Amino acid sequence: MECGLVATQLKIKPGESIEVKGKILPDAKGFVVNLGKDCENLVLHFNPRFDCHGDVNTIVCNSKKEGEWGEEQRESSFPFQQGEKTEISFSFDTSELKVKLSDGQEISFPNRLGLDAMPYLSVEGDFKIKALKFP
């Protein structure tokens, strides 16, 4: 996947959230939103897959600690459409992260790294960012 946006030194603390707004490309295979300490330590790798890595219309969530991937969590509900706008909200505390999708669906994922701040965000793949919000 091609690299899109990388932001560091964000200092997102427990109870705070970040909203990613954008448009999924018309021929999208998949996209990724990573949150964590840095690119080798991700508290959340959020990866909607239209048709890539052997998955079709599946959301894959994972974590990475010191460059080593954890166990994948797969979500079968898939609200994303190629060529459509979407909004994804991420919030976290010391035990878990919550991902709210534009259709109202909420995904919970454990804070496996126990981070008490998230300074790192990256967005990659077939997704054009329109706005980032820190409400």
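On a predicted model such as this, the values are computed, not experimentally measured, just so you know.

Pairing is antiparallel in the open sheet, where five strands are placed in the order 10-9-8-2-12. The outermost strands of the open sheet, each flanked by one partner alone, are strand 10 (106–110) and strand 12 (127–133). Averaged over all pairs of adjacent strands, the angle between their axes in this sheet comes to 20 degrees, without regard to strand direction. Pairing analysis gives four bridges linking strand 8 (residues 85–92) to strand 9 (residues 96–100), with the strands arranged antiparallel. Each bridged residue has a counterpart across the sheet, and for S91 the counterpart in strand 9 is K98.

As a further point, take the UniProt feature "domain: Galectin" (unreviewed entry) in the protein chain. Per the UniProt record, "domain: Galectin" (unreviewed entry) is found at residues 4–135. In the segment residues 4–135, helix accounts for 0% and strand for 60%; the C-alpha atoms at its two ends are 22 Å apart.

It is worth spelling out the pairing of strand 3 (residues 31–38) at this point. Of all eight residues in strand 3, six are buried, a share of seventy percent or more. With six bridges connecting them, strand 3 and strand 11 (residues 120–125) associate as antiparallel partners. Looking across to strand 11, one finds that V33 is bridged to V123. Of the strand pairs in this sheet, strand 3 and strand 4 (residues 41–52) are connected by five bridges, and their pairing is antiparallel. Within strand 4, the position partnered with V33 by the bridge is F46. Hairpin connection of strand 3 to strand 4: two residues between the antiparallel strands.

What counts, and where the lines are drawn
- Residues numbered from 1 in each chain as written.
- Predicted model: local features only at pLDDT ≥ 70, side-chain atom pairs only at ≥ 80, totals over all residues.
- Heavy atoms only, no water.
- Pairing = 2+ DSSP bridges.
- Helix = DSSP H or I, 4+ residues; strand = E, 2+ residues; numbered from the N terminus.
- Axes fitted to C-alpha atoms, helices over the stretch in contact; angles between N-to-C directions.
- UniProt positions renumbered as here; feature names shortened; annotations may be inferred.
- Buried < 20%, exposed > 50% of the residue type's maximum accessible area, 1.4 Å probe, protein only.

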